[in-house]
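Coordinates in review
What follows is the residue order along each chain.
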Number of protein chains: 2
Amino acid sequence: MISLNEAAEFLKKSDHILILCHVFPDGDTLGSAAALCRGLQQTGRHAAVRCSDKIGPKYRYLFEGVAPETFEPEAVVAVDIADVSLFGEPLRALYGDRVDLCLDHHPSNSCYAKRCFVDPKAAATCEIIFRLLRLMEIPVDRQIAACLYTGITTDTGCFKYTNVTPFTYRIAADLVETGMDAPTINRKMFDTKSRAHVEMECRVWDTMEYFYSDRVAVIVITQRMIRETGAREDDLDGISALPRQVEGVLIGVTLREKPAGGYKISLRAQKPVNASEICAKFGGGGHAGAAGCTLAVSLEEAKEQILAGIGAYLNKHAAT
Amino acid sequence: MISLNEAAEFLKKSDHILILCHVFPDGDTLGSAAALCRGLQQTGRHAAVRCSDKIGPKYRYLFEGVAPETFEPEAVVAVDIADVSLFGEPLRALYGDRVDLCLDHHPSNSCYAKRCFVDPKAAATCEIIFRLLRLMEIPVDRQIAACLYTGITTDTGCFKYTNVTPFTYRIAADLVETGMDAPTINRKMFDTKSRAHVEMECRVWDTMEYFYSDRVAVIVITQRMIRETGAREDDLDGISALPRQVEGVLIGVTLREKPAGGYKISLRAQKPVNASEICAKFGGGGHAGAAGCTLAVSLEEAKEQILAGIGAYLNKHAAT
């Protein structure tokens, strides 16, 4: 582990800097990379961003106006990547063992780089990039601000999650002060649903069943529903959060049929229920609020087994 | 209009202060009232909150631990009430012509009180109360902070709307610094749906139709759907925002059957479309992003008329 000051000093001395994002790139890894790349280019340095996966159209504005560069990197920087396994291919093969600097906020970061700065208290890696740019005395203009805001708002569910700190809000204040358009970013990230997502939501609500005095709600996603709606992976974003959103529901359960059979179970729980304790009984795991496991059985059996597990948990913690 | 300093001076000299909320009370009017009442009681003054409507269970935490008081008011304060017509009965009859101080952020405020402080730049009246308490040197504790945060987050759609300013975020930072539980408030306000709401959402998605190359999406809410789902008014919250959320949709239209027949039309539009311009053709009005009108005709005719109006608008502004 190095200090953020040391990270800033390292970058100040570097040129031809390649910035890497994690697979299934989200707003935080892309926003961090785009902001850092813009800042470095602003100071006359050569910088570029790479990701093993394609960047979705939703995030393309982050890179609008960034000069595309190709060069043999002198410094490789990984942003928001907790482990080498998240580089994906080809980036893992190319750079997995030669990362000069890693900037991240995941507590699970495996410190695979020559220099590591990890701050698990940061709500997003974009918070770290914000501080880093300040230390490097690179001005945060409107475009950099839009990139950093994107990472912060997506990693906090638009300031909804428990990772938000007073510092998160203060950074947001400084960012919107540049004149960037936060409402448009938030609408794009949170209030825009694809047709396939809407179709899927519709069908999923129809499968909803309630158990244990309506404290448990269960939905099902079948391969047939996925086929018929044409839903891709990101069209399913947020679906498993739906059952727990129903008033009075303590545990929301999503049973998702796997392509080769069997079911992937996602549990979302309200405090004081610990979803990971329930999933652990089935060889799964996760956090208190969100956990999962897999059951290689039929839909009826999967439902019966997970409901039995939940019933046992609720019985044991009769207070809840 | 008075200054906020003058408002603070007036309150410092007052006792037995009655604080009034508007009808259909929302997070901002209730959060403002509860925060002010708590602050005044903290300084040893008699204060109470009244609303013509019942306060929903969702907002009861705002008043937890507030000492209930009954007294003949010496000072009457209206918070977040733009006009006397929004007092409802019995408060309008009792206090409509004797409001000593009005604190509000609605630009349409009719300045009906003896002293008026209106700041249209404030995202929520709770921002004004925050500044007022500072001026009065009343400390914002965790409970007051929870009240103020509630008003700010509900009036900004959890920091999503265009009314959010850098100051909004900075206040939020100060509020969460007191140790209040913002994630729980946000979950309650934004991620909790009643069973009736879920039922209604389901049925409404089934009515969705697309027009004009999918740039316009239309949903219908009938009296029958309301009857069958048992939905009350607040179960319908957010429903009319659904069609515009679909990717690529510029104008979302909700046709809601009125109990005595005819349809209430709500339009939600993305920039650069101006919904109020379309609704004005039908004798309605509103804002660029959200507007409405009423058509006393059958469902088919209502749909045809509003779609014709939208078509004419889209033709005229061919650029969009």
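Residues numbered from 1 in each chain as written. Chains lettered and ligands numbered in written order. Predicted model: local features only at pLDDT ≥ 70, side-chain atom pairs only at ≥ 80, totals over all residues. Heavy atoms only, no water.

Right, let's talk about helix α5 (residues 142-155) of chain A for a bit. Its 14 residues give α5 of chain A an end-to-end C-alpha distance of 20 Å, which sits within 8% of 20 Å, the value for a rise of 1.5 Å per residue. Counting buried residues in α5 of chain A gives 12 out of 14 residues, a clear majority hidden from the surface. For α5 of chain A, the full list of buried residues reads Ile-144, Ala-145, Ala-146, Cys-147, Leu-148, Tyr-149, Thr-150, Gly-151, Ile-152, Thr-153, Thr-154 and Asp-155 of chain A. On its buried side, α5 of chain A packs onto α2 (27-42), α4 (125-135), α6 (166-176) and α7 (182-190) of chain A together with α6 (166-176) of chain B. Between the side-chain oxygen of the N-cap and the backbone nitrogen of Gln-143 of chain A there are 3.1 Å, and the N-cap of α5 of chain A in question is Asp-141 of chain A. Positive phi appears at Gly-157 of chain A, one or two residues downstream of α5 of chain A, with a value of about 60°. (Helix = DSSP H or I, 4+ residues; strand = E, 2+ residues; numbered from the N terminus. Expected span 1.5 Å × (residues − 1). Buried < 20%, exposed > 50% of the residue type's maximum accessible area, 1.4 Å probe, protein only. Contact = heavy atoms within 4.5 Å. Polar contact = N/O pair within 3.5 Å; in protein donor to acceptor, adjacent residues only side chain to side chain.)

Let us look at the relation of the copies chain A and chain B. With an RMSD of 0.2 Å, the operation that places chain A on chain B is a rotation of 180° combined with a shift of 0.0 Å along the axis. Classification of the inter-copy transformation places it as that of a two-fold axis. (Least-squares fit on C-alpha atoms with pLDDT ≥ 70 in both.)

This next bit is on the pattern of salt bridges. Following the criterion strictly, the structure yields 34 salt bridges over all chains and no others. Here Glu-228 of chain A makes a salt bridge to Arg-203 of chain A, at a shortest N to O gap of 2.7 Å. Pair noted here: Glu-228 of chain A is in helix α9 (residues 223-229) and Arg-203 of chain A is in helix α8 (residues 195-206), with a separation of 25 residues, a long-range link. On the basis of relative accessibility, which here comes to 27%, the residue Arg-203 of chain A falls in the partly exposed class. Its salt-bridge partner being Lys-193 of chain B, residue Glu-201 of chain B comes within 3.4 Å of it at the nearest N-O pair. Glu-201 of chain B sits in the buried class, given a relative accessible area of 3%. (Salt bridge = Lys/Arg side-chain N within 4 Å of Asp/Glu carboxyl O.)

Okay, the interface of chain A and chain B next. In this assembly, 39 residues from chain A lie in contact with 39 residues from chain B. Here chain A packs against chain B, burying approximately 3700 Å² in sum over the two surfaces, 55% of which is carbon and sulfur. Contact with chain B buries area across many residues of chain A, yet Lys-160, Tyr-169 and Arg-195 of chain A alone supply 19% of it, more than any other trio. Notably, a salt bridge pairs Asp-191 of chain B with Lys-160 of chain A, separated by 3.5 Å at the nearest N-O pair. Mapped by element, the contributors of at least two residues to the side of chain A that touches chain B are α6, α7 and α8 of chain A. Top contributing element to the side of chain A that touches chain B by residue count: α6 of chain A, with seven residues. Of the residues contributing to the side of chain A that touches chain B, the split by class is 18 nonpolar, seven polar and 14 charged. (Buried area = accessible area lost by both parts, 1.4 Å probe. Nonpolar A, V, L, I, M, F, W, Y, C, P; charged D, E, K, R; others polar.)

Now for the pairing of strand β8 (residues 251-257) of chain A. Residue and element names in this part refer to chain A. Buried residues dominate β8, accounting for five of its seven residues. Here strand β7 (residues 216-221) runs beside β8; their pairing, made up of six bridges, is parallel. Residue Ile-219 lies in a different strand from β8, and its bridge partner there is Thr-254. Examined bridge by bridge, β8 and strand β9 (residues 263-269) share seven bridges and lie antiparallel to one another. When the bridges of β9 are listed, Gly-252 appears paired with Arg-268. (Pairing = 2+ DSSP bridges.)

As a further point, take the domain arrangement of chain A. If you check the domain split of chain A, you get domain 1 (4-190) and domain 2 (195-316). Taken over C-alpha atoms, the centre of domain 1 of chain A sits 32 Å from the centre of domain 2 of chain A. (Domains from an automatic or database assignment.)

Bringing the packing of α4 of chain A against α5 of chain A into the picture now. Residue and element names in this part refer to chain A. At a closest axis distance of 8 Å, the pairing of α4 and α5 adopts a crossing angle of 150°. Only Ile-144, Cys-147, Leu-148, Gly-151 and Ile-152 of α5 make contact with α4, whose side of the interface consists of Cys-126, Glu-127, Ile-129, Phe-130 and Leu-133. A class-by-class count of the residues in the contact of α4 with α5 yields eight nonpolar, one polar and one charged. (Axes fitted to C-alpha atoms, helices over the stretch in contact; angles between N-to-C directions.)

This part covers the sheet that holds strand β2 (residues 47-50) of chain B. All names here are of chain B. Read from one edge to the other, the open sheet built from five strands follows the order β2-β1-β3-β4-β5, with strand pairing classed as parallel. Each edge of the sheet is formed by a strand with only one pairing partner; in this case those strands are β2 and β5 (115-118). Going across the sheet, the axis of each strand differs from the next one's by a mean of 20°, ignoring polarity. Relative to β2, strand β1 (residues 17-20) runs parallel, the two sharing four bridges. Looking across to β2, one finds that Leu-20 is bridged to Arg-50. Strand contacts of helix α1 (residues 4-12): β1, β3 (75-79), β4 (101-104) and β5, with the helix running at about 135° to β4, the strand carrying the most contacts.

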